[in-house]
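# Architecture at a glance
This is what each chain is made of:
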Amino acid sequence: MAGSADIPIEVVAEQPDAPNDHGGRQPYIAFEKVSKAFGSQTVLDGVSFFVMPGETLCILGRSGVGKSVSLQQIMGFLKPDAGQVLVAGEDIVGYTEAQMQVVRRKVTMVFQNGALFDSLSVRENVAFPLREQRTLMEDQIQQIVSGLLEMVGVAEMAEGLPSELSTGMKRSVAIARALAAQPQAILYDEPTTMVDPLIARLLGDLIQKLKHQLHLTSIVVTHDMRFAERLADRVLFLHQGKAHFFGTMEEMKQSNDEILRQFLTLDALVLPEG
Ligand SMILES: Nc1ncnc2c1ncn2[C@@H]1O[C@H](COP(=O)(O)OP(=O)(O)O)[C@@H](O)[C@H]1O
Ligand SMILES: [Mg+2]
């Protein structure tokens, strides 16, 4: 799947307004004291964190702690009750749906089920964001799509329908489709849940390759500690509505915090939940 084929950088990595001054220390994505409740249930209570351009943040925490809710607020599908959500240097909290559509060209999300169009072939699913741009010729579109399918290791399934794919392959196609939009940042919600360990490793290889070759800013929600260790520049551990830990992987491993240690120990023993 994620073989040795190089990413066709010339077709996907063109990011004219990417913040490429890494010395500038301006986060690409950040939460500033974000709170979110559903009715009487407080999910997030003053959570702050940031992701620098080109970095990967892994979000860890028990089921129901607000990991997906955090991603959905970055995409503007949910709005916080208080606080700021910064994306590409802008506070998007007050943004209209039309403004969010512009933001969603820079930041894209890979959903767990892939969210593919069932009636479109794999090839047409990946071509979709390119057709929406209305700027490319058909042969350019086909060339980019073929490159992306090759890169994520599903080229041989190009003419098939999503229903013919395994869960792991669906996720690979969803990643290819996300990349077709030429995003600057990509959010993954539990990419390795419900696939076998081999596929999990291949998806991990792919995400790592995207990080190193395309310098995409990424947020990965995961239960998989080995996965987090491979990918994370920083880790956010959510617990009882708070950013219980936010720091580098090294800092996390050295932490003596009781709750964090408990999570890490249990996580090594217990099968991940959805
Ligand atoms: N749209 C929604 N409406 C009401 N409650 C929600 C909604 N989305 C999430 N929740 C609740 O918020 C909590 C956090 O959910 P979620 O972020 O999905 O957890 P996880 O950390 O497992 O991804 C859960 O208790 C969930 O039931
Ligand atoms: Mg979730």
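For the structure, see preceding data.
Since we're looking at a predicted model, the values are computed, not measured. (Residues numbered from 1 in each chain as written. Chains lettered and ligands numbered in written order. Predicted model: local features only at pLDDT ≥ 70, side-chain atom pairs only at ≥ 80, totals over all residues. Heavy atoms only, no water.)

With that settled, consider the overall build of the chain. Looking only at helices and strands, the chain features ten helices and ten strands. The buried share of the chain, reckoned over its 274 residues, is 52%. Intrachain contacts of the chain at a sequence separation of at least 6 include 68% that bridge at least 24 residues. Taken as a whole, the chain presents about 12,900 Å² of accessible surface, with 51% of it coming from carbon and sulfur. (Helix = DSSP H or I, 4+ residues; strand = E, 2+ residues; numbered from the N terminus. Buried < 20%, exposed > 50% of the residue type's maximum accessible area, 1.4 Å probe, protein only. Contact = heavy atoms within 4.5 Å. Areas by Shrake-Rupley, 256 points an atom, 1.4 Å probe, with all protein chains shown as cover.)

Turning to the pattern of salt bridges, a few remarks are in order. Within the structure shown, the criterion is met by eleven salt bridges. Asp-205 serves as the salt-bridge partner of Arg-230, at 2.7 Å between the closest nitrogen and oxygen. One end of the pair, Arg-230, is in helix α8 (residues 225-231); the other, Asp-205, is in helix α7 (residues 197-214), and 25 residues separate them in sequence. Among the residues examined, Asp-205 registers a relative accessible area of 25% and is labelled partly exposed. Between Lys-253 and Glu-229 there is a salt bridge, with the nearest N and O atoms lying 3.3 Å from each other. With Lys-253 in helix α9 (residues 249-254) and Glu-229 in helix α8, this residue pair connects regions lying 24 residues apart in the sequence. Given the relative accessible area of 41%, Lys-253 is considered partly exposed. Judged by relative accessible area, which is 41%, Glu-229 ranks as partly exposed. (Salt bridge = Lys/Arg side-chain N within 4 Å of Asp/Glu carboxyl O.)

This brings us to the side chain of Ser-218. Along the polypeptide, Ser-218 turns up in strand β8 (residues 217-221). By relative accessible area, Ser-218 is classed as buried at 4%. Not counting chain neighbours up to four residues away, the residues in contact with Ser-218 comprise Val-51, Glu-55, Thr-56, Leu-57, Ile-186 and Tyr-188.

Taken together, six strands build an open sheet; the order of strands is β6-β7-β8-β3-β9-β10 and the sheet is mixed. Of all the strands in the sheet, just β6 (107-110) and β10 (242-248) have a single pairing partner and so form its edges. Here the average twist between neighbouring strands, direction ignored, is 15°. Pairing of strand β7 (residues 185-189) with β8 involves five bridges; the strand directions are parallel. Bridge pairing in β8 places Tyr-188 opposite Val-220. (Pairing = 2+ DSSP bridges. Axes fitted to C-alpha atoms, helices over the stretch in contact; angles between N-to-C directions.)

With respect to topology, four strands assemble into an open sheet ordered β2-β1-β4-β5, the strand pairing being antiparallel. Sheet topology places β2 (41-51) and β5 (90-91) at the edges, where each strand pairs with a single neighbour. For strand β1 (residues 29-38) and β2, the ladder comprises seven bridges, and the chain directions are antiparallel. Its bridge partner lying in β2, Phe-38 is registered against Gln-41. Packed onto the sheet, helix α2 (residues 67-74) meets β1, β2 and β4 (82-87) and runs at close to 120° relative to β1.

Within the largest apolar cluster, 53 residues are counted, with the highest numbers of intra-cluster contacts made by Ile-175, Leu-179, Leu-210 and Met-252. Core analysis: the second largest hydrophobic core is formed by 31 residues, Val-43, Ile-92, Met-100 and Leu-236 among them. (Core = buried A, V, L, I, M, F, W, Y, C linked by side-chain atoms within 4.5 Å.)

Here we take up the packing of helix α6 (residues 167-180) against α7. It is at 10 Å that the axes of α6 and α7 come closest, and there the two elements cross at 15°. Accordingly, the angle class assigned to the pair α6 and α7 is roughly parallel. α6 and α7 meet at a crossing whose hand is right-handed. When α6 is examined against α7, the residues Gly-168, Arg-171, Ser-172, Ile-175 and Leu-179 are found in contact with a partner set consisting of Ile-199, Leu-203, Leu-206, Ile-207, Leu-210 and Leu-214. (Parallel < 35°, antiparallel > 145°, perpendicular 65-115°, else oblique. Left-handed = near helix turned anticlockwise from the far one by under 90°.)

Everything listed is a geometric property; what it means functionally is a separate question.
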